[in-house]
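# Reading the structure
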Amino acid sequence: MNKIIETIPPSVSLSITSKAKALVAAGESVCSFAAGEPDFDTPAVIKAAAAEALERGETKYTPASGAVKLREAIAEKLERENGLVYTPQQIIVSNGAKHSLFNVFMAMLNPGDEVLIPAPYWLSYPEMVKIAGGVPVVVETEEARDFKVTPEAVEASITDQTVAIVINTPSNPIGIVYSGEELSALADVALKHNLWIISDEIYEKMVYDNVEHVSVGSFSDDVLARTVTVNGFSKAYSMTGWRLGYFAAPMPLVKVAGTLQSHSTSGPNTFAQFGGVAALTSAASDVAEMVAAFSDRREFMYERLSAIDGVTCVNPQGAFYMLPNIASFGVDSVTFASRLLEEAGVAVVPGAAFGADGNVRMSYACSKENIEEGVSRLAAFVAKL
Ligand SMILES: *Cc1c(COP(=O)(O)O)cnc(C)c1O
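No experiment lies behind these values; they were computed from the predicted model shown.

### Description of the site of the ligand
- Taken together, 13 residues lie around the ligand, and Ala97, Asp200, Tyr203, Ser234 and Lys235 are the ones closest in.
- A distance of 2.6 Å separates an oxygen atom of the ligand from a polar atom in the backbone of Ala97.
- Relative to its unbound accessible area of 380 Å², the ligand is 94% covered by the protein chains.
- Counted by class, the shell around the ligand contains 5 nonpolar, 4 polar and 4 charged residues.

### Looking at the packing of helix 3 (residues 68–82) against helix 10 (residues 270–282)
- Look at helix 3 against helix 10: their axes get within 9 Å of each other, and the N-to-C directions meet at 25°. Taken as axis vectors, helix 3 and helix 10 run roughly parallel relative to one another. Relative to helix 10, helix 3 is oriented so that their crossing is left-handed. Contact residues: Lys69, Leu70, Ala73, Ile74, Lys77 and Arg80 in helix 3; Gln273, Phe274, Gly276, Val277 and Leu280 in helix 10.

### Focus: the domain arrangement of the chain
- Domains assigned within the chain are domain 1 (3–42 + 285–383) and domain 2 (59–281).
- Facing the 38 residues of domain 1 at the interface are 35 residues of domain 2.
- In total, about 3000 Å² of surface goes out of reach between domain 1 and domain 2, with carbon and sulfur atoms giving 62% of it.
- In this assembly, domain 1 and domain 2 are joined by 1 salt bridge.
- Taking the shortest distance from any N to any O, the salt bridge between Asp209 and Arg298 comes out at 2.8 Å.
- Counting across the interface, domain 1 meets domain 2 through 15 residue pairs in polar contact (both at pLDDT 80 or more).
- Broken down by secondary-structure element, the contributors of at least two residues to the side of domain 1 that touches domain 2 are helix 1 (12–25), helix 11 (284–306) and strand 9 (321–322).
- Among the elements that make up the side of domain 1 that touches domain 2, the one with the highest residue count is helix 11 (6 residues).
- When grouped by side-chain class, the residues that make up the side of domain 1 that touches domain 2 number 23 nonpolar, 11 polar and 4 charged.

### A look at the sheet that holds strand 8 (residues 245–248)
- If you walk across this open sheet you meet the 7 strands as 2-8-7-6-5-3-4, and the pairing is mixed. What marks the edges here is a single partner per strand, and that holds for strand 2 (91–94) and strand 4 (135–139). Geometrically, the sheet is characterised by an average inter-axis angle of 20° between neighbouring strands, direction not taken into account.
- Here strand 7 (residues 227–232) runs beside strand 8; their pairing, made up of 4 bridges, is antiparallel. Pairing of Val230 across the sheet is with Phe247, part of strand 8.
- Lying over the sheet, helix 3 contacts strand 2, strand 7 and strand 8, oriented at roughly 120° with respect to strand 2.

### So, the nonpolar core
- Phe33, Phe105, Ile198, Val228, Tyr237 and Phe247 are the most contacted members of the largest nonpolar core, which totals 103 residues.
- In terms of residues, this core owes the most to one element, helix 11, which gives 7 residues.
- Inspection of this core shows a minimum of three residues originating in each of domain 1 (3–42 + 285–383) and domain 2 (59–281).
- Setting aside its immediate chain neighbours within four residues, Phe247 contacts Gln90, Ile91, Ile92, Ser100, Val104, Val228, Thr229, Val230, Leu253, Val254 and Ala257.
- One finds Leu116, Val149, Ile167 and Tyr178 within the second-largest nonpolar core, a separate group that totals 25 residues.

### Quick notes on the pairing of strand 8
- Covered by surrounding structure in strand 8 are Gly245 and Phe247 together with Tyr246 and Ala248, the residues of both alternating faces.
- Pairing analysis gives 4 bridges linking strand 2 to strand 8, with the strands arranged antiparallel. If you follow Val93 over to strand 8, its bridge partner there is Tyr246.

Procedures and definitions
Residues numbered from 1 in each chain as written. Predicted model: local features only at pLDDT ≥ 70, side-chain atom pairs only at ≥ 80, totals over all residues. Heavy atoms only, no water. Near = heavy atom within 4 Å. Polar contact = N/O pair within 3.5 Å; in protein donor to acceptor, adjacent residues only side chain to side chain. Areas by Shrake-Rupley, 256 points an atom, 1.4 Å probe, with all protein chains shown as cover. Nonpolar A, V, L, I, M, F, W, Y, C, P; charged D, E, K, R; others polar. Axes fitted to C-alpha atoms, helices over the stretch in contact; angles between N-to-C directions. Helix = DSSP H or I, 4+ residues; strand = E, 2+ residues; numbered from the N terminus. Parallel < 35°, antiparallel > 145°, perpendicular 65-115°, else oblique. Left-handed = near helix turned anticlockwise from the far one by under 90°. Contact = heavy atoms within 4.5 Å. Domains from an automatic or database assignment. Buried area = accessible area lost by both parts, 1.4 Å probe. Salt bridge = Lys/Arg side-chain N within 4 Å of Asp/Glu carboxyl O. Pairing = 2+ DSSP bridges. Core = buried A, V, L, I, M, F, W, Y, C linked by side-chain atoms within 4.5 Å. Buried < 20%, exposed > 50% of the residue type's maximum accessible area, 1.4 Å probe, protein only.

Next comes the structure, spelled out in structure tokens:
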């Protein structure tokens, strides 16, 4: 077996989700906060575009880096919405942003190359870096500072082997959103040390309280020349099962990643890519409706959660997660999550998976009834601990 992959555990959030689903199938009542996906159907305009493409006979391979039409639409979107000027040739469309990130690490890293990952982090970053032969270096943050990584902490983690830093804003699992000022200070450190910035912007549309998402690559040509912008359709357009994501980067990296994709997966599903074009051009009002619903649920859940004795929580400004601190109950996050599921029928993801063992992740991409009932159960459960 492959010596690196053999040592890597499978994705914890996916396994909790399936454990919860199995309990439901067995007739148990489970309130799940574990899922990492929106609970809405894909907007009709997107489904119709894919169905039409299928009907039209768009059933053959596209270019390995993705359909030209979609890459053009992505280039226009990145310039219009994010202030990022990329040509369609600088964009590779893959089977989800997860796949895009994987291709980026594979194309970028040589054995021993270090990648800085601020904690708490999305659980696949360190594992992908390892699979690509690199070394994930976790940069610690402070909960009292909303878990935001500081330029000083980043600088202190840099060695001769450091080649990149991952920035995820709005973030999974915390829901924090970096301001332009904060991002700019991080970009300065990256430039000074000649690092790549891998910017995962998959939650860019999910921002609340009039907070603005800023794309780090938009600061200057120098920053853009060191930035890999990763994005996708899963979260903003509720298209998780379509498997469609992309990245945009300087040409040398795109060339290598393009070769990798041409010999591995080829281009993503052809008619899904036509759905992707419709998402970028015709689904803004659907997105606005979903974001409004998330915003409402966020307030609802935050109020109830932070009212529980012993629970503290950073108030998220983006994405659809909260990362409540449960350290005061004296159990680690894995024990907490498995007992909570078994004893109270509430599914959450242990923070240990994200490098935050004193916390659990709860998604509010679910109904308000689920939030009401689930948080009540959680409160009753911790009262007995
Ligand atoms: C969901 C997610 C992704 C990838 O989603 P895809 O479905 O593969 O497009 C990437 N990064 C973060 C932080 C995510 O939460």
